[in-house]
Structures are given as structure tokens and as C-alpha cells.
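So you can see what is in the structure, the chains are spelled out below.
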Amino acid sequence: MDCNQVRDQFSSLLEGDLKPQEEEKAREHLASCHDCQKEWEQFNRMMNWLHTAREEDVPKGFLEEIQKKREARKGKEIRTGAWFLRSAKIPIQAAAMVMIVFLALYLNKMAPFDTVEKRAVEKPEVAESSRDKEAPVLREEVEQKKRSVPPPLDRKDYVLEAKSPVADEKAGAKDSMVQKMKEEVKEAVAPVFKEEMASPKVMVKAEAPRPEESRGILESTGGVRMSFSKREVREITLRINDPEKAFTQIQDVTKRMGGDIVKEEGDVLLATLPISAYMEFEKELAKIGTLSITLPFEGKDDLSSSSRSKGKESITLRVHLVTGISP
Amino acid sequence: MERSPKIQKEVIEGCKAGDESAFSEIVLTYQKKVFNIAFRMLGNREEAKELSQEIFLSVLESIKDLKEDIKFESWLTQITLNHCRNRWKYLKRRQYFKTESLNDPIETEDGEMERQFFDPSDNPETHLEKKMVQQFVQRGLLKLKEDQRELIVLRDLQGYSYEELGELFSLPEGTIKSRLHRARMYLKEILERSVH
């Protein structure tokens, strides 16, 4: 048995945990080894100190101080409302962090709007300047056309310029644009445009062109005219007995015709309707009550002809319901 | 070394129900044990007093969660050790123990006193010498690692059995024995080094 083995057994030897044979061997080694003997004595002495250590007395008034602390804590919790914070488990720091995050998000959200607005302001200039550099020929041609085309066409130029500058930057874009401008100038008939913009009534009353011409004009000017007619509201006064029934009937008819009730205000209904369905709609209204119509432009023929060419366009109607007089 | 008497089950139930006298009885029964563990773990009477009082307040707050009344002592010791560990960390962060040396002035109930040349190998006879030995050992304990100190305090100073220690630390008895032996040998080395 070597020294380390014996020293590892000091605790067991002291507490009597070793088997008799093991204990005998350990004691034999201790008797023969001076160093281990010394270690064993030191170990024994230290253990004696530990086992004979006197327990410390508890300070006087220990329990009373606990009671005082308890009372003080109770009072403090009630005064400061700490019980609420503890029960809610919402540390103030966490709440502050949430506030900061929201503030940061808010500020970040604001910033992109600014930059977008700046871009919106800057980009056309950039686009225009780049277009100036890239397509001097195009500009010359456009200006030439402007000079030769009557004033109403200026509006078209404006529309073209307002198109996305990205498209302008694309290679070959200028060729297609020039081609398009040329075609438009060829097709456009200046007096008709002028009259149409000035007064739709005059246009409708104007000499009836041949079917091919009329189709051509309508096609070329359709965008402008339809947008104009869309802005106009056709006023319809309907005299009926039962307003509620009439409302329901008008709603049904509108939906059946592919239209929609946009707004209801008292006895007034605002509805949109495909132009192609207008004639039928008018007939249906006549069945509901007595009809009187105020037109933004005269003549049903005009409406019907335009509707044929642009069946998908819609018209806005304002239907006034007047009660008390039987149809 | 004397063990605290076991407390009646009814007292624990009374404390759970909010009975003030039951709580007082628990404090009076275990105050010496809790205070001494805290003192041996921290080496300062004032710190030990404050901490022990905190421990009993914690006991009062959480006793309703104690499911097995029979394990009250083990549960109390666990709370005591946890509080000591936390307090030890707190004091260590503030370098409370950094200047501690076995030759520093000795703290006594009457205040601090200068250390005289002291060789514990002499047989301590007088009261003062006995006190000096205790202080000497206490300072040696504070030089140990925390888990080693816990084992020596509970086994050699408080008289816990190996079974209780195994349950407390969730370790087999054999492991407890070998760790305790290493801790004792280390403490012996510390004490011998400080003498020679």
C-alpha cells in the first residue's frame, strides 16, 4: 500500500468506514511511514478543531427584527403599489424598451416617405435631362409635330411626357414613340377634338360621319370622350309611391344590369352602370315610376353608339326619388 | 455540534395557514442552525444575521408551495444554501473577500482584535486561544471553493449524515464521501501553509 492510497483513506479511517483488513493495512503503513504519520496527525487535529467548533449564538432580537422587516415590507408594498407591479410582472425597463422600438419604427417609417417624395420630385428631372441627351432627334420631331398639330393635341403631349421615364430609357423606346406620335397625328382630326372638348353637345349634334369615319374618330378619341362622360352624372328624377320598394327595385335592376349602387343619401341614389346597359335600365326605371331625365349630353343615340364601340365603359347616374304622386 | 429538534407537522401547517405563532416557532427552532450555516459560509456575523432573516422571510413567503411537510428541514437547508450562494456571489463581485488573509485582524463578538503570533499546533487551553483557533479555521474555510465549504460546514460543523447530503446535493453517497475527503485535505493544506 503506497502513501497516496493511505492518505486517500484518512476520512474513512477516521469515521471507521474501512473494513478491518483495510484498516489494519493502513495503520501498518502509518506506523512505518513518517510522512504519512505526520499527515495523519495534522488531519486528525484539523478534524478535531472542526468537530469541537462552538456554534455561534444568534444575535439578540433576531425574531423581533424579522417581524419588523415583515411589517415594513408590507407597508412599503401597499404605499408604493409594488404589489401591483409584481403581480402584473411588467418591468418598467421592458415597457421603456417597447416604447423605444415603436418610436424607432415610427421614425423609420416616416423616412422612406420623404425619400420617395424626393425621388418623385427628382426623377422626372433626371429622366427629362437624360432624355434630352439621349434623344435629341426625338425631341425635335415631337416639337415639330407640336407646331403642326392644333392646340388640343398639346394635351396628348402632356400625357405622353407624364409616362414613366423608365420606359423612355429603354433602348428602342424612342423609335416606337415616334411611330406612335406619327400615327396619332395622322388619325387625329383637329376640329372634332376641339368641339368635343369644348362641348359634348355640339359634338353629338355635329354632322353624322360615315360609319367607318365615325368608328375611327371614336376609337382615336374614345379615351378622352369616355373619360369625359364618366365625369358627367346623369340626373334622373323618378316619381314613385313607395320609396322603400322603389329603392329595392332600383338596386335589383342596377345589379342585374351589371352596375353598382355607389352611395345612398336620403332619397338620392348614386349608381354606376355599363353604358351598354343604360337603355335597358331606363326602360326598367320607367316600370318602377314616372321618369324624367336631365342629360349631360343630349340624345340617346349618341350614348348608344358610343356604348357599342366601348361596351365596357360605365356611366354614373344620380336617381332622385320623389314620392306622393302616382305614376 | 448539535442538531435542531424536528418541528411538528402541525406547526408547518399552521405557518402555511398564516398563523403568526407557528412562524415564530419555526424561527426559534431553526434560527441557530440557519444563522450558523450562513456565518460559516460568509464568515461575518452581521452579514449572516441579515441573510438569515431574509431566509426566514423567504420561508414564510414560499412555505405554501412546500408539498411534503416531512422534508421541511431539507427544504429549509436548500433555501439557506441558495441564499448563501447568491450572497457570496454578490459580496465577491464587490471584492469583499479579496483582502482576506489568515493573518488579518480577528473579528470577535467584542469587535476586531489584532492577531498575535499564533501556532495552532500548540494545545489551545484558554478561552481566547480557542476563539483564535475557531477564527483561524473559519478563515481557512473561506479559502475553499464554495461547494467544498458547503460539504464541510454541513457534515463536520452541522453534523448532517451522508444520506442527507446525498439527497440535498442529488449525488450518490460515495461521491459525497470522496468530495468531502478532498475538501478536508485541501483545508488541511491551507491551514498548514498559513502556519509554516
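Computed from a prediction, not measured in an experiment: that's the story for all the values here. (Residues numbered from 1 in each chain as written. Chains lettered and ligands numbered in written order. Predicted model: local features only at pLDDT ≥ 70, side-chain atom pairs only at ≥ 80, totals over all residues. Heavy atoms only, no water.)

### Let's talk about the overall build of chain B
Note the cut-off: Only DSSP runs of H or I with at least four residues qualify as helices, and only runs of E with at least two residues qualify as strands; both kinds are numbered from the N terminus onward. Only heavy atoms matter for contacts: two residues are in contact if any of them lie within 4.5 Å across the pair. Computed by Shrake-Rupley with a 1.4 Å probe, the accessible areas treat only the displayed protein chains as cover when residues are assessed.
Counting secondary structure elements, chain B contains 8 helices and 2 strands. Counting contacts in chain B only where the partners sit at least 6 residues apart, residues at least 24 apart contribute 65% of the total. Split by element, the accessible area of chain B, about 10,000 Å² in all, is 47% carbon and sulfur.

### As for the packing of aromatic side chains
Using the following cut-off: Only centres within 6.5 Å qualify two rings of Phe, Tyr or Trp (six-membered ring in Trp) as a pair; their planes then separate them into stacked at under 30 degrees, edge-to-face at over 60, and tilted for everything else. The buried label applies to any residue whose accessible area, calculated with a 1.4 Å probe on protein chains only, is under 20% of its type's maximum; exposed applies above 50%, and partly exposed to all values in between. Both a distance and an angle decide whether a charge sits over a ring: NZ of Lys or CZ of Arg must be within 6 Å of the ring centre and within 35 degrees of the ring normal.
Counted by the stated rule, this structure contains 7 aromatic pairs over all chains. Ring geometry for Tyr30 of chain B against Phe72 of chain B: centres 5.5 Å apart, planes inclined by 55 degrees, an arrangement best described as tilted. On the criterion of sequence distance, the pair formed by Tyr30 of chain B in helix H2 (residues 20-42) and Phe72 of chain B in helix H4 (residues 72-93) is long-range, its members being 42 residues apart. We note that Tyr30 of chain B, like Phe72 of chain B, is buried. An aromatic cluster is defined as three or more aromatic residues linked by ring pairs; in this entry it consists of Phe10, Trp40 and Phe43 of chain A. Directly above the aromatic system of Trp88 of chain B lies the positively charged group of Arg149 of chain B, at a separation of 4.0 Å from the ring centroid. In this arrangement the basic side chain of Arg155 of chain B is found over the ring face of Tyr162 of chain B, its NZ or CZ atom lying 4.1 Å from the centre.

### Some words on the nonpolar core
For clarity, the threshold we go by: Put simply, buried Ala, Val, Leu, Ile, Met, Phe, Trp, Tyr and Cys residues joined by side-chain atoms within 4.5 Å make one nonpolar core.
Judged by nonpolar contacts, the single largest core of 74 residues is most densely connected at Leu50 of chain A together with Ile26, Tyr30, Phe56, Phe72, Ile152 and Leu187 of chain B. In terms of residue count, H2 of chain B provides more of this core than any other element does, 12 residues in total. Those residues in contact with Ile152 of chain B that lie beyond four places of it in its chain are Leu50 of chain A together with Leu141, Leu144, Leu157, Leu180, Ala183, Arg184 and Leu187 of chain B. With 22 residues, the next largest nonpolar core counts Met257, Leu273, Tyr278 and Phe281 of chain A among its residues.

### Some points on the interface of chain B and chain A
The criterion, for reference: When two parts are put together, the accessible area they lose, computed with a 1.4 Å probe and summed over both, is reported as buried area. The term salt bridge refers to a pairing of a side-chain nitrogen on Lys or Arg with a carboxyl oxygen on Asp or Glu at a separation within 4 Å. Whenever a nitrogen or oxygen atom comes within 3.5 Å of another N or O atom, the pair is scored as a polar contact, on the condition that within protein one atom can donate a hydrogen and the other can accept it, and that pairs from neighbouring residues in sequence are kept only if both atoms are in side chains. In this count, Pro and Cys sit with the nonpolar residues alongside Ala, Val, Leu, Ile, Met, Phe, Trp and Tyr, while Asp, Glu, Lys and Arg are called charged and the others, Gly among them, polar.
Chain B puts 45 residues into the contact, and the matching count from chain A is 31 residues. Each partner contributes to the roughly 3,900 Å² buried at the junction of chain B and chain A, and carbon and sulfur atoms together form 54% of this total. Note that Arg45 of chain B and Glu56 of chain A form a salt bridge whose closest N and O atoms lie 2.7 Å from each other. Put simply, chain B and chain A have 26 residue pairs in polar contact (both at pLDDT 80 or more) between them. Those elements giving two or more residues to the side of chain B that touches chain A turn out to be H2, helix H3 (45-62), helix H5 (127-143), helix H6 (146-157) and helix H8 (173-195) of chain B. Ranked by the residues each element gives to the side of chain B that touches chain A, the list is headed by H2 of chain B, at 11 residues. Taken together, the residues of the side of chain B that touches chain A sort by class into 19 nonpolar, 9 polar and 17 charged.

### Some points on helix H7 (residues 162-169) of chain B
Residue and element names in this part refer to chain B. We count it as follows: Picture the helix axis, draw a direction to every C-beta atom, and the arc is the one those directions span.
Among all positions of H7, only Tyr162, Leu165, Gly166 and Leu168 are buried. Taken end-on, H7 shows its buried residues confined to a sector of 165 degrees, consistent with a single buried face. Of the residues trailing H7, Ser170 is marked for its positive phi of about 55 degrees.

### Quick notes on the packing of H6 of chain B against H7 of chain B
The relative placement of two packed helices is expressed as an angle between their axes plus a distance between the axes. Residues and elements named next belong to chain B. Worth spelling out the cut-off: Axis definition: a line fitted to C-alpha atoms, over the contacting stretch in the case of helices. Angles run 0 to 180 degrees between N-to-C directions. Put simply, a crossing is left-handed when the front helix is turned counterclockwise from the back one by less than a right angle, and right-handed when it is turned clockwise.
Closest axis-to-axis distance for the H6/H7 pair is 10 Å, and the angle between their directions is 145 degrees. Here the hand of the crossing between H6 and H7 comes out right-handed. On H7, the residues touching Glu150, Leu151, Leu154 and Arg155 of H6 are Tyr162, Leu165, Leu168 and Phe169. Partitioning the contact of H6 with H7 into residue classes produces 6 nonpolar, no polar and 2 charged.

### Concerning the pattern of salt bridges
Enumeration according to the criterion identifies 22 salt bridges over all chains in this entry. Across the salt bridge formed by Glu235 of chain A and Arg318 of chain A, the nearest N and O atoms sit 2.4 Å from each other. Residue Glu235 of chain A is found in strand S1 (residues 233-240), and its partner Arg318 of chain A is found in strand S5 (residues 314-323); the two are separated by 83 residues along the sequence. With a relative accessible area of 21%, Glu235 of chain A lands in the partly exposed category. Residue classification places Arg318 of chain A among the partly exposed positions, given a relative accessible area of 28%. Here the salt bridges do not stand alone but share partners, grouping Glu15 of chain A together with Arg155, Asp156 and Arg184 of chain B into one network.

### A closer look at the confidence of the model for chain B
Residues and elements named next belong to chain B. Convention followed: Each residue carries a pLDDT score, the predictor's confidence in it, ranging from 0 to 100.
Taken over all residues, the pLDDT of chain B has a mean of 85, while the share at 70 or more is 81%. Ranking the helices and strands of chain B by mean pLDDT puts H6 first, with 96, and strand S1 (residues 106-108) last, with 51. Scored as a whole, the predicted complex attains pTM 0.51, and scored at its interfaces, ipTM 0.83.

### Some points on H3 of chain B
Where we set the bar: Given the number of residues in a helix, its expected span is that number minus one, multiplied by 1.5 Å.
In a regular helix each residue adds 1.5 Å, so 18 residues correspond to 26 Å; H3 of chain B covers 25 Å between its end C-alpha atoms and thus fits that length. For H3 of chain B, the N-terminal capping position is held by Asn44 of chain B, with its side-chain oxygen 2.9 Å away from the main-chain nitrogen of Glu46 of chain B.

### Looking at the sheet that holds strand S4 (residues 290-294) of chain A
All names here are of chain A. Note the following rule: Any two strands are treated as partners once DSSP identifies two or more bridges connecting them.
Ordered by their spatial adjacency, 5 strands build an open sheet running S2-S3-S5-S1-S4, and the pairing between neighbours is mixed. Of all strands in the sheet, those with a lone pairing partner are strand S2 (260-265) and S4, marking the two edges. Strand-to-strand, the axes of this sheet are offset by a mean angle of 25 degrees, without reference to chain direction. Summarising the sheet, S2 and strand S3 (residues 268-274) pair through 5 bridges and their orientation is antiparallel. Bridged to Lys263 within S3 is Leu270.

### What about the environment of Val137 of chain B?
With respect to the helices and strands, Val137 of chain B occurs in helix H5. Using a relative accessible area of 7% as the deciding quantity, one classes Val137 of chain B as buried. The spatial distance from the C-alpha of Val137 of chain B to the C-alpha of Leu191 of chain B is 7.3 Å, given a sequence separation of 54 residues. Beyond its immediate stretch of four places on either side in the chain, Val137 of chain B contacts Trp49 and Leu50 of chain A together with Leu191 of chain B.

### A look at the pairing of S5 of chain A
Residues and elements named next belong to chain A. The sheet contact formed by S1 and S5 spans 8 bridges and is parallel. Counted as the bridge partner of Val233 is Thr316 from S5. Note: S3 against S5, 7 bridges, orientation antiparallel. Of the residues in S5, the one forming a bridge with Val268 is His320.

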